[in-house]
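Read off the chains here:
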Amino acid sequence: MTRHRLPKATAIAHSNIALAKYWGKKDETQNLPATPSLSMTLDALHTTTSVQFVERLEEDEVTLNGSRLTGEDLERLSLFMDRIRNLSGLALAARVESNNNFPTASGLASSASGFAALALGATRAAGLELPRSEVSALARLGSASAARSLFGGYVALELDALSAIPVLSGDGFPLQLLVCVVTTLPKDKSSRLGMGHTAKTSPYYPAWVASAPAVYTRIREALLAQDFEKLGRATEHSALLMHASMFAADPPLNYWLPTTLALLARVTELRGAGLPAYATMDAGPHVKVICEPINTRALAAALELVPGVKQVMVCSPGPDAAVKVEPT
Ligand code: 2P0
């Protein structure tokens, strides 16, 4: 029997940070969010993933940042790869190698860039050339925020949508986002478990879900109107509404560290001193600050001085996810 090597596809997807947050699921099987979200894709944070389906390999072999995945992590990845196998009819296990250029699983949206790169790389390695919206829908099944990382600039995942849609190019409103890193340790509770726990136990969860669409609309309108103050205020509101629902869970879900609070206070102070900036936080202790490029240097210098801050990464709106297929 003649054997031929299957192509190796290498995809690069950029992480994204939501200005309007997704937290909670409307449909767990389909991984459909309970809230509409809108994010900025980040140029500085990305995942590179290469995928090759290999004959006579017994199970998927997945390496993340140099370490082989095992147990539940491998299972989640293999279940995702099963979808690609079902779609393509290719019944082979795959060798997957993925690297993040930033700390994994600590609230810097590594599952967003991770599943976006995997969906794009794995479909191409399996010989499928799907429309971008279908790759986004596949990525959503891995992690809902990953649906947004297929696209550059500003991207929305609307309520009941299967895939994300680009809302505005980065050049359309060239803001910057300062990622203030508070710890390099992985968080102890995944977003998936955290949002499930919030939905089940927080009396504020229904209020969060009810209020999210209006905040999303404000953010979308402000973005399209290039109204930074309106965008910033609504962005902070979205993050704090989401965190209020987490704090009210039982037991509480608290991702904040003292440095998180110090950064929030400093952002408010700097704004009062004439440097417009607004903060957002995800399922981790880091604080992300949006600003206009003219104020980036001064803000980054001030935020680096907040005790406990490890690093301030300056991000601009990033590009679409991209893929390269090596000829065999
Ligand atoms: C977001 N986050 O909109 C929100 C804000 C964290 C806080 O999307 O269960 O890893 O895999 O769909 O996408 C993190 O949740 O969750 C997230 P799953 P995901 O960016």
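Residues numbered from 1 in each chain as written. Predicted model: local features only at pLDDT ≥ 70, side-chain atom pairs only at ≥ 80, totals over all residues. Heavy atoms only, no water.

**Quick word on the nonpolar core**
Grouped burial of nonpolar side chains is what soluble globular proteins tend to show.
Here is step 1: Counting residues in each nonpolar core, the largest one holds 72 residues, and the members touching the most others are Trp23, Val51, Phe53 and Leu303.
Here is step 2: Tallying contributions element by element places helix H2 (residues 110-125) first for this core, with eight residues.
Here is step 3: Phe53 has contacts with Leu6, Met81, Ile84, Arg85, Leu90, Leu92, Ala93, Ala94, Ala122, Ala125 and Ala126, leaving out every residue within four places of it along the chain.
Here is step 4: In this structure, Leu19, Met40, Val215 and Tyr278 belong to the second largest nonpolar core, which totals 29 residues. (Core = buried A, V, L, I, M, F, W, Y, C linked by side-chain atoms within 4.5 Å. Buried < 20%, exposed > 50% of the residue type's maximum accessible area, 1.4 Å probe, protein only. Helix = DSSP H or I, 4+ residues; strand = E, 2+ residues; numbered from the N terminus. Contact = heavy atoms within 4.5 Å.)

**Thoughts on the sheet that holds strand E10 (residues 176-181)**
Here is step 1: Taken together, four strands build an open sheet; the order of strands is E11-E12-E10-E13 and the sheet is antiparallel. Looking at strand neighbours, the two that pair on one side only are strand E11 (278-280) and strand E13 (311-315), the edges of this open sheet. In this sheet, neighbouring strand axes are inclined to one another by 25 degrees on average, regardless of whether the strands run parallel or antiparallel.
Here is step 2: Bridge analysis of E11 against strand E12 (residues 287-291) gives three bridges, and the strand direction is antiparallel. Bridging across to E12, Ala279 finds its partner in Val289. (Pairing = 2+ DSSP bridges. Axes fitted to C-alpha atoms, helices over the stretch in contact; angles between N-to-C directions.)

**Things to note about the site of the ligand**
Here is step 1: Lining the immediate environment of the ligand, one finds 19 residues, of which Tyr22, Lys25, Ser143, Ser145 and Arg148 sit closest.
Here is step 2: For the ligand, an oxygen atom lies 3.1 Å from a polar atom in the side chain of Arg76.
Here is step 3: Taking Ser111, its side chain carries an N or O atom lying 2.8 Å from an oxygen atom of the ligand.
Here is step 4: Against a free-state accessible area of 470 Å², the protein chains account for coverage of 94% of the ligand.
Here is step 5: Of the residues forming the shell around the ligand, the biggest block, three residues, is contributed by helix H4 (residues 191-201).
Here is step 6: Split by residue class, the shell around the ligand holds seven nonpolar, six polar and six charged. (Near = heavy atom within 4 Å. Polar contact = N/O pair within 3.5 Å; in protein donor to acceptor, adjacent residues only side chain to side chain. Areas by Shrake-Rupley, 256 points an atom, 1.4 Å probe, with all protein chains shown as cover. Nonpolar A, V, L, I, M, F, W, Y, C, P; charged D, E, K, R; others polar.)

**Remarks on the packing of helix H5 (residues 205-224) against helix H6 (residues 228-247)**
Here is step 1: One can describe the packing of H5 onto H6 by two numbers: an axis separation of 9 Å at closest approach and a directional angle of 165 degrees. When the axis of H5 is compared with that of H6, the two are roughly antiparallel. Relative to H6, the crossing made by H5 is left-handed. On H6, the residues touching Tyr205, Trp208, Ser211, Val215, Arg218, Ile219, Glu221, Ala222 and Leu223 of H5 are Lys230, Leu231, Arg233, Ala234, Thr235, His237, Ser238, Leu241, Met242 and Ser245.
Here is step 2: In the contact of H5 with H6, the residues fall into 10 nonpolar, five polar and four charged. (Parallel < 35°, antiparallel > 145°, perpendicular 65-115°, else oblique. Left-handed = near helix turned anticlockwise from the far one by under 90°.)

No statement about biological role is implied by the geometric values presented.
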